[in-house]
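If you want the building blocks of each chain, they are given just below.
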Protein chains: 2
Amino acid sequence: MSAGARTHPLDLHLDVDLRYRRGRSDQLVAALRRAIETGRLLPGTRLPSTRAVASDLGVARGTVVSAYHHLIAEGYLETARGSGTRVARSPNVAAREPGPGPGAGARSQWQYNLRPGMPDVTLFPRAAWVKSTRQVLNTVPAEALDYGDPRGRPELRWALADYLGRSRGVVAHPDRIVICHGFTQALGLIATVLAEQGVGTVSVEDPSYPHFREILRLAGLTPHAVPVDDEGLLPADLRGRAAVVTPIHQYPLGVTLTAQRRRALVSWAETADAVIVEDDYDGEFQYGRNRVGALQALAPHRVIYAGTTSKTLAPGLRLAWLVVPPDWVERITNAKRIADQHSAALTQMIVADLLATGAYDRHIRQCRDHYRMRRDELSGALAAHVPAARLVGESAGLHALIRWSPDGPEEREVLRAARSQSLALAGLGGYWGTPGPHPPGLVVGYATPPRHAYAGALDALIRVLGRCFAG
Amino acid sequence: MSAGARTHPLDLHLDVDLRYRRGRSDQLVAALRRAIETGRLLPGTRLPSTRAVASDLGVARGTVVSAYHHLIAEGYLETARGSGTRVARSPNVAAREPGPGPGAGARSQWQYNLRPGMPDVTLFPRAAWVKSTRQVLNTVPAEALDYGDPRGRPELRWALADYLGRSRGVVAHPDRIVICHGFTQALGLIATVLAEQGVGTVSVEDPSYPHFREILRLAGLTPHAVPVDDEGLLPADLRGRAAVVTPIHQYPLGVTLTAQRRRALVSWAETADAVIVEDDYDGEFQYGRNRVGALQALAPHRVIYAGTTSKTLAPGLRLAWLVVPPDWVERITNAKRIADQHSAALTQMIVADLLATGAYDRHIRQCRDHYRMRRDELSGALAAHVPAARLVGESAGLHALIRWSPDGPEEREVLRAARSQSLALAGLGGYWGTPGPHPPGLVVGYATPPRHAYAGALDALIRVLGRCFAG
């Protein structure tokens, strides 16, 4: 099938097949990654401007910008004001960001890992999982192994309706719950339906996870960047007929949307006839006394609530759920059926059993205590050793944001120092959807390392910051 | 989001939201199904012509034809030469076809079930599954629970490369294997890539499973019907730059593509620069002495080989695999990553363990002996009691085709008689992609009922046929 593929020499020597319209940015990411991994592009090499690459390849400039952003977030590229984009000057460029995406093996290439987006998978409740598997296979009727409802197993949907109601205040009926194969699929299905409805523009927080903007783009939607301040996203900047938001713990800034802004967001949705996608990715991990419930409860007819086991159990399970407004049930169910019929039955039954027996709640409580401790340690170490670097955002979730005055070190300088210490770390720079300049920051995933490795990783971070802020 | 939805009264009183372009046929199916299930459309009601409905709704006629075909296959509608399409005259119209698709509960609504497309899920190796789960969770490294390679776990891809080589003659390297969330997803990913490459027409065997034609259409492709005779599909009728085929056991006719036709198919692909999608859905179940290997071995650079555990273990696992040509690896990997990152890790590890320990092979041998016996019983009972109805096609797979002379009873008459005996049965009529008239036939899924219920189901079938052929 490749006979007709046009390959582009360019000075980057990238083989990019432009007959694909969808996924061009992904191809560019893959080709650049390969070129860096194989040493064809050496550390420090300055890349052509996005405008030049776009023109050479005959693609939109946004496609190239998006690819560069992605690779900056992954640590392959680095950027600095005025000096363009370069291949990261690090022996460890091959380590990928272990957020959603191919991160296999990434852990082992670094001595320390504080990249965000993952739980400590060594805490996975293996014994409870085996126990529930045995229980399910001893009792499940054969029909559960057959083709089933595209929305998923009723056992899990009933268990979730109860769990989400009591733990997150979500107004959920099992009929309106759709089990998906991870949040990536869930967002993809929503994007497909939105595109079918003729929705063009989707509001997205800025900064936010670049992969999600990519999913929207691939469905033919245009992400519109909505700035975020200390009170959350700015409602006055919302556009389009849909918005993807992280109200409890904005990703990556970590702020919580204030009550007033919540009301403004819902009121915008009513006026604009828009749907709000609430990504409650770490709603279970709030360490303060006043836990905030899901936004969805404010306007169940306007909000698609999304949750997942990727942060509570393990990303490898690929399990997420949507609670959708009544008029979305058939649309999403249909999209899910077309995508893959329904999610895997046994995994659903096992998670339903974990929920029913209380094992899921126990596991989350343990993780919560554990991650809270890690955050406190991070906060204490910063205050004691690098007071100029502040931990900002709510005490919640699996990551924290470190910010400092623009007079301090440049973000890329800190990332470079981290690489020299074999410390995997994400800069805030990879998350922006708009051109800078943006203030510097580090997104620290304190949940990522296994228990025994956290102290070492924290020491490495303090060492790196100490050096950068002293210099 | 529904404020702007146009609803169409029509005389069918269907609420169909036409702002969706994708999925219009699915919506029509759902709306008609609802209308029938709720009794708004009564048994025997004659539906407007597809042309009239298409014109009223402002959609393509093909969309309506496809919806009607789908509902005929599901048993909601029936059709007869000259008298148009009617709501099935049966008290059991709500029972859906338990092929890929929402079939939950379908089994319980019928006393006997011989619909095709499913294995006997009561044979699922529950003890072996629990054992492998324990083994995997005792030994798996934590990184396996993390985000991983979009192609799937290396353990499963290596195990499959070995298994597919020895059991099916597939030329497979783990690097070229992509694990998918069921064959529906696999075909959807292939269709997405084909559409991105600008492929318009895809050759599809006629008859074939209508759901697969639907998946192609939803990706923007146009299925082209290729007739099938006793030697398999007619290579001279192939069109476009891709073909989806079932060479080992054509679905639903059950014929095997002859060696000469295989060569002609591959030679067409070379000339047309086309890719062949080999759906080896029941390649493991060949009962004769000369088992036929996969077509893929003839032309690994032209054939995408697809296999699944849906027939060997259970559809509810949602596990399938593709072995793709080298130049397809990145395309499919990319599409999979965008769809849902990768398939669930634990399920993959468990199936890898079943393969490695030989439990998978043992299970298949048991099922094979078992299904072969059922087929022999069906064949014997037909010969003894209804000689005018012949079992045709290869001795293979989980279904058999019963055909008879057009002088015999009409297909819908037999289906009606079956319903009156509470016997779920599929007519050949629902599988055609071209307008008739087509010869009558029954697609009998002898693997569907649990072991203890097969004799009763077979008796019911013979009773029904005996009555129809005597009358």
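Residues numbered from 1 in each chain as written. Chains lettered and ligands numbered in written order. Predicted model: local features only at pLDDT ≥ 70, side-chain atom pairs only at ≥ 80, totals over all residues. Heavy atoms only, no water.

**Examining the domain arrangement of chain A**
Residues and elements named next belong to chain A.
Thinking step 1. The domain boundaries assigned to chain A delineate domain 1 (7–94), domain 2 (112–122 + 362–470) and domain 3 (124–361).
Thinking step 2. Using only C-alpha atoms to locate each centre, domain 2 and domain 3 end up separated by 26 Å.
Thinking step 3. Domain 2 puts 33 residues into the contact, and the matching count from domain 3 is 37 residues.
Thinking step 4. Surface buried jointly by domain 2 and domain 3 totals about 2,900 Å² across both partners, of which 58% is contributed by carbon and sulfur atoms.
Thinking step 5. Among the residues of domain 2 in contact with domain 3, H363, I364 and Y431 are the three that bury the most area, contributing 23% of the side total.
Thinking step 6. Counting every contact that joins domain 2 to domain 3 gives 0 salt bridges.
Thinking step 7. Linking domain 2 with domain 3 are 26 residue pairs in polar contact (both at pLDDT 80 or more).
Thinking step 8. Of all the secondary-structure elements, those providing two or more residues to the side of domain 2 that touches domain 3 are α11 (359–385) and β13 (399–403).
Thinking step 9. Examining the composition of the side of domain 2 that touches domain 3, we find that 9 residues originate from one element, α11, more than from any other.
Thinking step 10. When its residues are assigned to classes, the side of domain 2 that touches domain 3 shows 15 nonpolar, 10 polar and 8 charged. (Domains from an automatic or database assignment. Contact = heavy atoms within 4.5 Å. Buried area = accessible area lost by both parts, 1.4 Å probe. Salt bridge = Lys/Arg side-chain N within 4 Å of Asp/Glu carboxyl O. Polar contact = N/O pair within 3.5 Å; in protein donor to acceptor, adjacent residues only side chain to side chain. Helix = DSSP H or I, 4+ residues; strand = E, 2+ residues; numbered from the N terminus. Nonpolar A, V, L, I, M, F, W, Y, C, P; charged D, E, K, R; others polar.)

**Considerations on the environment of R115 of chain B**
Residue and element names in this part refer to chain B.
Thinking step 1. Here R115 lies in the loop between β3 (112–113) and α4 (126–139).
Thinking step 2. The exposure class assigned to R115 is buried, which follows from its relative accessible area of 4%.
Thinking step 3. Distance from R115 to L442, taken between C-alpha atoms, is 9.5 Å for residues 327 residues apart in sequence. (Buried < 20%, exposed > 50% of the residue type's maximum accessible area, 1.4 Å probe, protein only.)

**Structural notes on the pairing of strand β10 (residues 303–308) of chain A**
Both faces of the sheet carry side chains from a regular strand, because those side chains alternate between them.
Residue and element names in this part refer to chain A.
Thinking step 1. In terms of burial, β10 is a largely internal element, 6 of the 6 residues being buried.
Thinking step 2. Alternating residues of β10 divide into V303, Y305 and G307 and I304, A306 and T308, and every residue in both groups is buried.
Thinking step 3. As defined by bridge partners, β10 adjoins strand β11 (residues 320–323) across 4 bridges and the pair is classed as antiparallel. The partner of T308 across the bridge, within β11, is A320. (Pairing = 2+ DSSP bridges.)

**Overview of helix α7 (residues 210–218) of chain A**
All names here are of chain A.
Thinking step 1. Among the 9 residues that make up α7, 8 are buried, leaving the element largely enclosed by the rest of the structure.
Thinking step 2. For α7, the full list of buried residues reads P210, H211, F212, R213, E214, I215, L216 and L218.
Thinking step 3. Phi for G220, located one or two positions after α7, is positive at around 95°.

**Observations concerning the pairing of β11 of chain A**
Residues and elements named next belong to chain A.
Thinking step 1. The two faces of β11 match: A320 and L322 on one face and W321 and V323 on the other face are all buried.
Thinking step 2. Two strands pair when backbone bridges link them, and strand β4 (residues 177–180) and β11 are joined in this way by 4 bridges, in the antiparallel orientation. By the bridge assignment for β11, C180 is matched with A320.

**Focus: the side chain of E205 of chain B**
Residue and element names in this part refer to chain B.
Thinking step 1. Inspection of the secondary structure assignment puts E205 in strand β5 (residues 201–206).
Thinking step 2. Salt bridges are absent for the buried E205, whose nearest opposite-charge side chain, R213, sits at 9.1 Å.
Thinking step 3. Within polar-contact distance, the side chain of E205 engages the side chain of T246 at 2.6 Å.
Thinking step 4. Not counting residues up to four positions away in its chain, the partners in contact with E205 are V226, V228, L233, V244, V245, T246 and Q250. (Lys, Arg positive; Asp, Glu negative; His and termini not counted.)

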